[in-house]
Amino acid sequence: KNKYAGAAFLAKNPAHAAGRRFATGLCFYKLFWIFLVGCVIGCLVEMLWCYLNEGFFESRQGLIYGPFSPVYGLGAVLFTLVMTGLAFQQLHHLLVSAVVGALFEYVCSWVQEMAFGTVSWEYSNEPLNLTAGPAFLFAVMWGVLGLVFYEAVLPFLERHIERLPVKAGTIITWILIVLMVLDIVISAAAVRRQTDRHNGVPSTNIITEFLDNHYPDSFLKLIYPNMEQPGRG
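These notes cover the structure that comes with them. Predicted model, so just to flag it, every value in this text is computed and none were measured. (Residues numbered from 1 in each chain as written. Predicted model: local features only at pLDDT ≥ 70, side-chain atom pairs only at ≥ 80, totals over all residues. Heavy atoms only, no water.)

1. Side note on the overall build of the protein chain
- When helices and strands are tallied, the protein chain shows nine helices and zero strands.
- Of the regular secondary structure in the protein chain, the N- to C-terminal order runs α-α-α-α-α-α-α-α-α.
- Expressed as a percentage of the 233 residues in the protein chain, the buried residues total 36%.
- A separation of at least 24 residues holds for 70% of the contacts in the protein chain among residues at least 6 apart in sequence.
- Summing over all exposed atoms, the protein chain offers an accessible surface of approximately 13,500 Å²; the carbon and sulfur share of this is 68%. (Helix = DSSP H or I, 4+ residues; strand = E, 2+ residues; numbered from the N terminus. Buried < 20%, exposed > 50% of the residue type's maximum accessible area, 1.4 Å probe, protein only. Contact = heavy atoms within 4.5 Å. Areas by Shrake-Rupley, 256 points an atom, 1.4 Å probe, with all protein chains shown as cover.)

2. Focus: unusual backbone geometry
- One non-glycine residue, Ala 23, lies in the positive phi region at around 55°.
- Structurally, the position occupied by Ala 23 is in the loop between helix H2 (14-17) and helix H3 (28-54).
- The class of Ala 23 is buried, set by a relative accessible area of 6%.

3. A few points about the side chain of Glu 46
- In this fold, Glu 46 is placed in helix H3.
- What Glu 46 contacts, discounting residues up to four positions off in sequence, is Arg 60 and Tyr 72.

4. With respect to the environment of Asp 183
- Along the polypeptide, Asp 183 turns up in helix H7 (residues 166-198).
- Along the chain, Asp 183 and Leu 63 lie 120 residues apart, while their C-alpha atoms are 6.6 Å from each other.
- Not counting residues within four places of it along the chain, the set of residues in contact with Asp 183 comprises Leu 63, Ile 64, Tyr 65 and Phe 68.

5. Some thoughts on helix H5 (residues 90-116)
- Over its 27 residues, H5 extends 37 Å from the first C-alpha to the last, a length consistent with the 39 Å expected when each residue adds 1.5 Å.
- By the burial criterion, the buried members of H5 are His 93, Ser 97, Ala 98, Val 100, Gly 101, Ala 102, Phe 104, Glu 105, Cys 108, Ser 109 and Gln 112.
- Residue Gly 117 follows H5 closely and has a positive phi angle near 70°. (Expected span 1.5 Å × (residues − 1).)

Next comes the structure, spelled out in structure tokens:
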């Protein structure tokens with residue numbers, strides 16, 4: 001009886017079954033850490049790509065505060081969810097990553113334009129057309145990034161995430177979640193307000209005045225040098 005009761009308890013409390021390991025399996029905490037690390041890696045990869053192509057470093061941040069690119073963070077989570085548990089060979093991982101990455105980038109570009117009236121990719125009008133040079137090139141890059149991430153980065157991340165102390169890991173995770181949400185809200189509001197300014201919408205309250213004073217066009221241009229409104233150039 002005690003044996004079966006203990007087994008039932010462990011089944012309902014996986015943390016005890018895992019020896020109080022933090023963020024086992026594809027739980028919310030682990031996915032958040034994957035998102036966070038993906039944001040940082042993506043931002044650094046974009047900056048390195050800019051340096052290799054242009055000869056200088058330029059901001060590739062997706063948020064105002066910190067080296068974070070949420071597109072890559074969400075992409076890392078998406079790759080993790082799609083490919084975990086699939087008995088694919090590396091070639092299949094590459095192809096799946098390319099297709100998923102290209103589709104995901106298209107959705108992100110569409111959401112950005114619909115929500116904020118801005119675009120950040122010059123090839124945003126043809127991401128699904130794999131005969132187009134830029135679209136095909138970046139689909140291949142998504143494939144390579146997805147393969148490297150799933151084969152090498154993700155196992156490393158999982159091992160180290162699960163080594164965090166349970167209590168400390170939970171507290172730190174929620175602190176980072178709050179900070180990330182604030183960063184996302186402020187960044188989204190500042191970009192939306194910039195679009196409204198360009199469209200001649202006047203400031204009407206303390207929030208828009210704050211955004212105009214603290215996040216003017218000159219400041220946002222340093223953070224998002226490639227972001228522009230369609231048709232404005």
